[in-house]
Amino acid sequence: MKQIITSPAYSLKDFRLLPGYTDERSSVNNVSLKTRLCCQKEDYIYMELPFMSAAMQAVTGVEMATALAELGGVGVLPLEASMEDQCKKVKTVKHYKAGFQTDIITLSPDALLGEIKKIIQETGYSIFPVTDTGVFHGRLLGVITDKDFDPRYDLDFPVSERMRKDVQAGVEVEDLKEANRLMIQYGHGFLPIVTREGTLQSVVFKKDLDKHIQHPHATVDHRKRLRVGAAVSTHPEDLERIKELAANDVDFIVMDSSDGFTCYQKQTLAWVKKKTNLAVIAGNVVTREGFEMLVKAGADAVKIGMGIGSGCITQEAKATGRGQATAILDIVNARDEYAKKHPYIPIIADGSISTPAEIAVALALGADSVMMGNFFARCLESPGKVENRNGRRVKEYWMEGSKKAQNYRRYHQNPDTFFEEGVAGFVPFAGSVYEVIPVSRQRLKSTFSTVGAANMGEFHEKAVLELQSMAAFHDGQIHNMIQAGGEDEH
Ligand code: IMP
């Protein structure tokens, strides 16, 4: 029967948190952000940082997924890739060893120095291993750097004439600290790692070490490999994809749909649970009915959000969607009710979360983690290009429902009647995720501390959220002053 709800749905921006009593346990340096990502067998997959990067082509590739897992969150590789390509990416993340590069430009001894000059100009790289086959996993013959030849006179010589053949390499070194020790001993800014037979395995660069050596928060599996998720659809052709992803040790799959309250998710969940051991994150839903259906069908976590992504036009195109705060609240209540008799199902808030305040409010409402597109698209490690627009550095960001993404399956659409549910555009460039995350982590810890919460459980329990008027919201923005460096008065 038709139902009309006349109370408004709220955005995350509508709420603010009241301070609670902060004791020593909840002082900033003692706060833990550890959270449950999803159920896994009798336990959970945990993360030290409650952040996921969105399953979007403009957000998560191998670089983002590895960086974010190193930093304590996790990435979800998007659906709009062939099964082979997606599995290859999963494999690359799972086999990634921090600081050990396994895919850098390699030269054959017969290549001409003129070719190297071009590569240096195009890529900015200056150190190249040389192998017998000219490909990375060949036998290491030497190394050539931009200092080993004169670009004015030597261009017609082959690499073999100028490369250094007395290269000191590490043999089967697995530990980054040991690689660092050898690098200092040998006095070079890089260290090739070879097998006992002399086959090049990886190269460690000094410049990468500081970035990689300290990752106490990394999200890893029982074999200490980084964790990664992959998006799948509920279309029958993806059953094969799901099996392949499982065979490649993906840690969990995400049913990637703008509307997860469907018989298709129910059927696919039943199939996955019967045929594999994979953890499944289902969604997206925005009502308690949607949540209840998915958990009964076996979902290991549920993702919330419809019509509120930063470049989303679903609300205009279809009139469907719900204010994110109201959607989270409705489903958290259903989840907490469910948890009285069943396992606790983690909830992921997905969409319209880009600012520190939005992250904090989504978690305070009861979400266990947040999935972000816009936030991560801004970072160096996302796949979009950095551009200069009107003097500002920006990155490309395009939604999965845009023409550019051509992800018809996520929206249950056909190419011939396609209409857009998202736009393509730009976001401000924010720098590397390795610089962005430590600050975000510290901010969030500070919020927990002000609320008086030492961990996620306490944050859910103790948070006092208050709706604020437009005028109160206005007071929370910069007002009645001209900010240094800005032109406009707020
Ligand atoms: P953002 O973090 O606010 O940019 O939102 C990202 C989220 O928006 C994704 O994780 C998806 O759930 C959702 N999304 C991605 N593409 C589209 C689209 O084209 N239309 C509507 N929602 C989208």
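The shown structure was predicted, so the numbers you read here are calculated from the model rather than taken from an experiment.

Take the sheet that holds strand S18 (residues 386-389) next. With respect to topology, three strands assemble into an open sheet ordered S18-S19-S20, the strand pairing being antiparallel. In this open sheet, the two strands that pair with only one neighbour each are S18 and strand S20 (424-428). Shown here is a sheet whose adjacent strand axes are inclined to one another by a mean of 50°, direction ignored. When S18 meets strand S19 (residues 392-398), the two strands line up antiparallel, connected through four bridges. Residue pairing in the sheet places Asn388 in a bridge with Arg393 of S19.

A full pass over the atoms with the stated rule returns 26 salt bridges. For Asp251, the salt bridge identified is with Lys94, shortest N-O distance 2.7 Å. Pair noted here: Asp251 is in the loop between helix H7 (238-247) and strand S13 (252-255) and Lys94 is in helix H2 (residues 83-94), with a separation of 157 residues, a long-range link. Residue Arg322 is joined to Asp330 by a salt bridge in which the shortest nitrogen-to-oxygen separation is 2.9 Å. Neither Arg322 nor Asp330 differs from the other in exposure class; each is buried.

The subject of this paragraph is the domain arrangement of the chain. Domain annotation for the chain reports domain 1 (37-97 + 218-431) and domain 2 (113-214). Summarising the inter-unit geometry, the C-alpha centres of domain 1 and domain 2 are found 38 Å apart.

What follows is about helix H12 (residues 356-364). Counted residue by residue, H12 has seven buried out of nine residues, so it is predominantly covered. Glu358, Ile359, Ala360, Val361, Ala362, Leu363 and Ala364 are the residues of H12 that are buried. Gly366 occupies a position one or two residues after H12 and carries a positive phi of about 125°.

With that settled, consider the sheet that holds strand S17 (residues 369-372). Adjacent strands of a sheet pair through backbone hydrogen bonds, lying either parallel or antiparallel. Read around the closed barrel, the eight strands follow the order S4-S5-S12-S13-S14-S15-S16-S17; overall the barrel is parallel. Sheet twist, expressed as the average angle between the axes of neighbouring strands with direction ignored, equals 25°. Across four bridges, strand S14 (residues 279-285) lies against strand S15 (residues 301-304) in parallel orientation. Its bridge partner lying in S15, Val285 is registered against Ile304. Its contacts with the sheet put H7 on strand S12 (229-232) and S13, and the angle it makes with S12 is roughly 170°. Of the strands in this sheet, strand S4 (51-53), strand S16 (347-350) and S17 touch H12, which is tilted by about 140° from S17.

Turning our attention to the pairing of strand S7 (residues 127-131). In terms of burial, S7 is a largely internal element, four of the five residues being buried. As paired elements, S7 and strand S8 (residues 140-145) share five bridges and run antiparallel to each other. Looking across to S8, one finds that Pro129 is bridged to Val143.

Right, let's talk about the site of the ligand for a bit. Taken together, 22 residues lie around the ligand, and Ser310, Asp350, Tyr397, Gly401 and Glu421 are the ones closest in. One of the backbone nitrogen or oxygen atoms of Gly373 is found 2.8 Å away from an oxygen atom of the ligand. Glu400 is positioned such that a nitrogen or oxygen atom in its backbone is 2.9 Å from a nitrogen atom of the ligand. Computed on the free molecule, the ligand has an accessible area of 500 Å², of which 96% lies beneath the protein chains in the complex.

Glancing now at the pairing of S12. Taking every second residue as pointing to the same face, both faces of S12 are buried, with Gly229 and Ala231 on one and Ala230 and Val232 on the other. Note: strand S5 (residues 74-77) against S12, two bridges, orientation parallel. Paired with Leu77 across the two strands is Ala230, which belongs to S12. Sheet topology note: the S12/S13 ladder contains four bridges and is parallel. Bridging from a neighbouring strand, Ala230 pairs with Ile253 of S13. Viewed along the sheet, the connection from S12 through H7 into S13 turns out right-handed.

Let's shift gears to the packing of aromatic side chains. The full count for this structure, using the stated rule, is seven aromatic pairs. Judged by centre distance (6.0 Å) and plane angle (75°), the rings of Phe51 and Phe375 are edge-to-face. With a gap of 324 residues between them, Phe51 in strand S4 and Phe375 in helix H13 (residues 374-377) connect regions that are remote in the sequence. Assigned by exposure class, Phe51 and Phe375 land together as buried. Aromatic pair Phe375 and Phe376: ring centres 4.9 Å apart, planes at 85°, arrangement edge-to-face. Relative accessible area serves as the criterion here: at 10%, Phe375 is assigned to the buried category. Note on Phe376: relative accessible area 0%, which makes it buried. Among the aromatic side chains, those forming a connected cluster through ring pairs are Phe51, Phe375 and Phe376. For the cation-ring pair, Arg162 lies above Phe157, with the distance from its terminal atom to the ring centre recorded as 4.6 Å.

The next point concerns the nonpolar core. Within the largest apolar cluster, 108 residues are counted, with the highest numbers of intra-cluster contacts made by Leu37, Met52, Phe252 and Phe376. The residues touching Phe376, leaving out its near neighbours within four places in the chain, are Phe51, Met52, Ser53, Val59, Met64, Leu68, Ser382, Val433 and Ile437.

The rules we used
- Residues numbered from 1 in each chain as written.
- Predicted model: local features only at pLDDT ≥ 70, side-chain atom pairs only at ≥ 80, totals over all residues.
- Heavy atoms only, no water.
- Pairing = 2+ DSSP bridges.
- Helix = DSSP H or I, 4+ residues; strand = E, 2+ residues; numbered from the N terminus.
- Axes fitted to C-alpha atoms, helices over the stretch in contact; angles between N-to-C directions.
- Salt bridge = Lys/Arg side-chain N within 4 Å of Asp/Glu carboxyl O.
- Buried < 20%, exposed > 50% of the residue type's maximum accessible area, 1.4 Å probe, protein only.
- Domains from an automatic or database assignment.
- Contact = heavy atoms within 4.5 Å.
- Near = heavy atom within 4 Å.
- Polar contact = N/O pair within 3.5 Å; in protein donor to acceptor, adjacent residues only side chain to side chain.
- Areas by Shrake-Rupley, 256 points an atom, 1.4 Å probe, with all protein chains shown as cover.
- Right-handed = clockwise from strand over helix to strand, strands pointing away.
- Phe/Tyr/Trp six-rings, centres within 6.5 Å; stacked < 30°, edge-to-face > 60°.
- Lys NZ or Arg CZ within 6 Å of the ring centre and 35° of its normal.
- Core = buried A, V, L, I, M, F, W, Y, C linked by side-chain atoms within 4.5 Å.

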